[in-house]
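Below, each chain spelled out in residue letters.
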There are 2 protein chains.
Amino acid sequence: MARMAAKDRREELIAAAIRVMVRDGVTKATTRAIVGEAGMPLGVFHYCFSSREELLQEVITRLTDSSVAKARDVFTAEDDDLGARITKTLLAFWEGVELSPGEHQVGYELTHYALRQAGFEELARRQYDHYLEVHQEFLLAAAESAGIRWTVPLPVLARYLNAVLDGVTLCWLADRNSEHSREVLRLTGEHLLTLAER
Amino acid sequence: MARMAAKDRREELIAAAIRVMVRDGVTKATTRAIVGEAGMPLGVFHYCFSSREELLQEVITRLTDSSVAKARDVFTAEDDDLGARITKTLLAFWEGVELSPGEHQVGYELTHYALRQAGFEELARRQYDHYLEVHQEFLLAAAESAGIRWTVPLPVLARYLNAVLDGVTLCWLADRNSEHSREVLRLTGEHLLTLAER
DNA sequence: CGGTGTCTTGGACGCTCGACCAACATAACG
DNA sequence: CGTTATGTTGGTCGAGCGTCCAAGACACCG
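Note that this is a predicted model, so its numbers are computed, not measured.

### Focus: the protein's contact with DNA strand D
Thought 1: Near DNA strand D lie 19 residues; those nearest to it are Thr31 and Arg52 of chain A together with Met1, Met4 and Arg9 of chain B.
Thought 2: Residue assignment for the surface near DNA strand D shows that the elements contributing at least two residues are α2 (31–38) of chain A together with α1 (6–24) of chain B.
Thought 3: Tallied by class, residues from the surface near DNA strand D come to nine nonpolar, five polar and five charged.

### With respect to the packing of aromatic side chains
Residue and element names in this part refer to chain A.
Thought 1: Scanning the entire structure with this criterion turns up eight aromatic pairs over all chains.
Thought 2: Seen from their ring centres, tyrosine 113 and phenylalanine 120 are 5.9 Å apart, and the 90 degrees between their planes marks the pair as edge-to-face. Pair check on accessibility: tyrosine 113 and phenylalanine 120 agree, each one buried.
Thought 3: Their ring planes at 80 degrees and their centres at 5.3 Å tell us that tyrosine 128 and tyrosine 131 sit as a pair that is edge-to-face. Of this pair, tyrosine 128 and tyrosine 131 both sit in helix α7 (residues 121–146), separated by three residues, roughly a single helical turn.
Thought 4: Judged by relative accessible area, which is 1%, tyrosine 128 ranks as buried.
Thought 5: A cation sits over an aromatic face here: arginine 176 above tryptophan 172, 4.4 Å from the ring centre.

### With respect to the domain arrangement of chain A
Residue and element names in this part refer to chain A.
Thought 1: Per the domain assignment, the segments making up chain A are domain 1 (1–50) and domain 2 (52–197).
Thought 2: Taken over C-alpha atoms, the centre of domain 1 sits 29 Å from the centre of domain 2.
Thought 3: Contacts between the two partners involve 18 residues from domain 1, matched on the other side by 13 residues from domain 2.
Thought 4: Each partner contributes to the roughly 1400 Å² buried at the junction of domain 1 and domain 2, and carbon and sulfur atoms together form 68% of this total.
Thought 5: Contact with domain 2 buries surface across domain 1, with Ile14, Met21 and Val26 losing the most and accounting together for 35% of the total.
Thought 6: Put simply, domain 1 and domain 2 have three salt bridges between them.
Thought 7: Across the pair arginine 10 and glutamate 58 runs a salt bridge, and its minimum N-O distance is 3.4 Å.
Thought 8: Joining domain 1 to domain 2, the criterion identifies six residue pairs in polar contact (both at pLDDT 80 or more).
Thought 9: Those elements that provide at least two residues to the side of domain 1 that touches domain 2 are α1 (6–24), α2 and α3 (45–48).
Thought 10: Counting residues per element, the side of domain 1 that touches domain 2 draws most heavily on α1, at eight residues.
Thought 11: Residues belonging to the side of domain 1 that touches domain 2 are distributed by class as follows: 12 nonpolar, four polar and two charged.

### Description of the pattern of salt bridges
Thought 1: In total, this model carries 35 salt bridges over all chains according to the counting rule given.
Thought 2: Glutamate 109 of chain B is the salt-bridge partner of arginine 116 of chain A, the closest N and O atoms lying 2.6 Å from each other. Here the residue arginine 116 of chain A occupies a position in helix α6 (residues 101–116), and glutamate 109 of chain B occupies one in helix α6 (residues 101–116), the pair thus bridging two chains.
Thought 3: You can call glutamate 109 of chain B buried: its relative accessible area is 11%.
Thought 4: Residues joined by salt bridges that share partners form a network here, namely Arg10, Glu11, Glu54, Glu58 and Arg62 of chain A.

### Looking at the relation of the copies chain A and chain B
Thought 1: Once chain A is rotated about the relating axis by 180 degrees and shifted along it by 0.0 Å, it coincides with chain B to within an RMSD of 0.1 Å. Overall, the copies show the geometry of a two-fold rotation axis.
Thought 2: Looking at chain A, 100% of its interface residues are interface residues in chain B too, so the copies touch through the same face.

### Some words on the interface of chain A and chain B
Thought 1: Listed per partner, the contact involves 45 residues of chain A and 45 residues of chain B.
Thought 2: Both sides together, the interface formed by chain A and chain B hides about 3800 Å², and carbon and sulfur atoms give 68% of it.
Thought 3: Considering only the side of chain A, the residues that lose the most area to chain B are His112, Arg116 and Arg159 of chain A, jointly responsible for 22% of the buried surface there.
Thought 4: The tally of links from chain A across to chain B stands at four salt bridges.
Thought 5: Between arginine 159 of chain A and aspartate 175 of chain B there is a salt bridge; the shortest N-O distance is 2.5 Å.
Thought 6: Between the two partners, chain A and chain B, sit 12 residue pairs in polar contact (both at pLDDT 80 or more).
Thought 7: Going through the elements one at a time, α1, α6, α7, α8 (154–175) and α9 (178–194) of chain A are the ones with two or more residues in the side of chain A that touches chain B.
Thought 8: With 17 residues, α8 of chain A is the single largest residue contributor to the side of chain A that touches chain B.

### Describing the protein's contact with DNA strand C
Thought 1: Inspection of the region around DNA strand C gives 20 residues, with Met1, Arg3 and Arg9 of chain A together with Thr31 and Arg52 of chain B positioned closest.
Thought 2: In the interface set of DNA strand C, defined as its atoms within 4 Å of the protein, sugar plus phosphate atoms amount to 65%.
Thought 3: In the model, a phosphate oxygen of DNA strand C is placed 2.8 Å from a nitrogen or oxygen of the methionine 4 of chain A main chain.
Thought 4: Within the side chain of tyrosine 47 of chain A, one N or O atom sits 3.1 Å away from a phosphate oxygen of DNA strand C.
Thought 5: Counting only elements with at least two residues in the surface near DNA strand C, the list comes to α1 of chain A together with α2 (31–38) of chain B.
Thought 6: Its residues placed into classes, the surface near DNA strand C shows nine nonpolar, five polar and six charged.

Cut-offs applied
Residues numbered from 1 in each chain as written. Chains lettered and ligands numbered in written order. Predicted model: local features only at pLDDT ≥ 70, side-chain atom pairs only at ≥ 80, totals over all residues. Heavy atoms only, no water. Near = heavy atom within 4 Å. Helix = DSSP H or I, 4+ residues; strand = E, 2+ residues; numbered from the N terminus. Nonpolar A, V, L, I, M, F, W, Y, C, P; charged D, E, K, R; others polar. Phe/Tyr/Trp six-rings, centres within 6.5 Å; stacked < 30°, edge-to-face > 60°. Buried < 20%, exposed > 50% of the residue type's maximum accessible area, 1.4 Å probe, protein only. Lys NZ or Arg CZ within 6 Å of the ring centre and 35° of its normal. Domains from an automatic or database assignment. Contact = heavy atoms within 4.5 Å. Buried area = accessible area lost by both parts, 1.4 Å probe. Salt bridge = Lys/Arg side-chain N within 4 Å of Asp/Glu carboxyl O. Polar contact = N/O pair within 3.5 Å; in protein donor to acceptor, adjacent residues only side chain to side chain. Least-squares fit on C-alpha atoms with pLDDT ≥ 70 in both.

Structure (structure tokens):
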């Protein structure tokens, strides 16, 4: 194996771990499966990570950050009215789900893993803190650029939005009913519109 | 160990498995942990079940059925108007979540387990089919007794309701913000009311 | 050059897991 | 009673797991 800095190897292992998890699920992401995916000998693992948990922790934060960043990229269009902007954003989110269901699935699996792992509960909490924050940012930006204000407290509205998206995704992962899922998002978009006032 | 019919032992093992899962999570529910919880010797397990998967399958259907039954019990009050009925039902559901978070958590864990396990995808699909069906029943019964009709197709509305409940639960499992969670449910209830017409 | 720190590697450890079985105990029934 | 069916038990198997380590290879620097 070509010589490589431990830092770089960490990154490759994290990436390999995510690939394995997306393909086979979190529980199948063993140390051996991960180094296998990365094409490295087993011994490398504990030279780069003190434990499997340390890698998992890293994976959780990376995946959350990337989800949040991806979501933030979505709401950059400023030239639409409120209705169009909401619709576009919800559908853009949904495209992301249908395009890579595995990533979202892994997100949920990691949440439940963290909720059960002693000392990891905080990670699950932070995960949802970030999600809520990004939704709140979106709602705030949309309101400002449209010159309206929300008739419902922003944290509550953000949680509502987060809940619908999570719930629709979860249900779709099980039954793959894309048509109904989109209808629910459309319905939610219309609902949000009624919660804005000048 | 007292002599017991294999059928009866199966039931006790299923119940013990559910207890272990609620307490420690699905992944910790090993054959040894389960028979330990049931106070039986290890050998019993494969006398009653051909495999661990067979037990898991049984647990999934039992837990789904019990959730559905519990949900059905909630919407029996016929004497309220539509708004009161919706509010009562949503809050009753929420009481169930806060009262036994572990059970709901296990529900999600089993869904993700089933989605990853070859040959179990159908079980996850059926799980959500049942959930959607029960929500649809509720919406239909509420509409009939209130003399209204829904302006949104029933399957879509049921999916919407299911999504909000799932999403709020999931988020609450992570951050335990009860106040905001209730606010989201209140908001959803009000929204549903606007989707009814005479 | 030699020495020191960094990286590489294959193998081994102790443990837990699902599964299996032979030997035994108890019931059911002619 | 004897035979057959059913249930009980402790031990054991092989596989896979996270973790660790000694020995070597390589790079850098005085």
